[in-house]
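# A structural walkthrough
Given next are the chains, with one letter for each unit.
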Amino acid sequence: MLLLTACVGPARVVQEVKVPVYRPCVTGAPERPMFAVRGLAPDASDGEKVLALARDLPLHLKYEAQLEAVIAGCL
């Protein structure tokens, strides 16, 4: 009889408790690449500017992805 009365009580409720876990933020940033646009002469033609921008695009996208990864490590 005693065993049956133990099952009659309220059911156990499982609760999820979220506890923040602190981790150190990334301390270093990726090194800035040397973009071709910065080396252009002030009187460079439009064609030279467009070619420099086209050469810089892959470098810029890679650098941007590295910066976003550093920022994501701090959040």
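Per an unreviewed UniProt entry, the protein carries the name Lipoprotein and comes from Massilia genomosp. 1.

Let's shift gears to the overall build of the protein. Scanning the protein from terminus to terminus reveals 2 helices and 0 strands. Out of the 75 residues in the protein, the part that is buried amounts to 9%. Considering only contacts within the protein whose residues lie at least 6 apart along the sequence, 63% involve residues at least 24 apart. Working note: accessible area of the protein is about 7,100 Å², and carbon and sulfur atoms make up 65% of it.

Attention shifts here to the environment of leucine 51. Secondary-structure assignment places leucine 51 in helix 2 (residues 46-74). Sequence spacing of leucine 51 and valine 37 is 14 residues, and the spatial spacing of their C-alpha atoms is 9.0 Å.

In a regular helix each residue adds 1.5 Å, so 29 residues correspond to 42 Å; helix 2 covers 40 Å between its end C-alpha atoms and thus fits that length. Remark: the principal bend of helix 2, roughly 35 degrees, maps to leucine 57, with a proline, proline 58, within the next four residues. Within the span of helix 2, buried status applies to Ala52, Asp56 and Tyr63.

Turning our attention to the side chain of aspartate 56. With respect to the helices and strands, the residue aspartate 56 is situated in helix 2. In this structure the side chain of aspartate 56 is engaged in a polar contact, spanning 3.0 Å, whose partner is the backbone nitrogen of valine 37. Setting aside anything within four residues of it in sequence, one finds aspartate 56 in contact with Phe35, Ala36 and Val37.

Reading the values: the criteria
- Residues numbered from 1 in each chain as written.
- Predicted model: local features only at pLDDT ≥ 70, side-chain atom pairs only at ≥ 80, totals over all residues.
- Heavy atoms only, no water.
- Helix = DSSP H or I, 4+ residues; strand = E, 2+ residues; numbered from the N terminus.
- Buried < 20%, exposed > 50% of the residue type's maximum accessible area, 1.4 Å probe, protein only.
- Contact = heavy atoms within 4.5 Å.
- Areas by Shrake-Rupley, 256 points an atom, 1.4 Å probe, with all protein chains shown as cover.
- Expected span 1.5 Å × (residues − 1).
- Bend = angle between axes of the 7 residues up to and from the residue.
- Polar contact = N/O pair within 3.5 Å; in protein donor to acceptor, adjacent residues only side chain to side chain.

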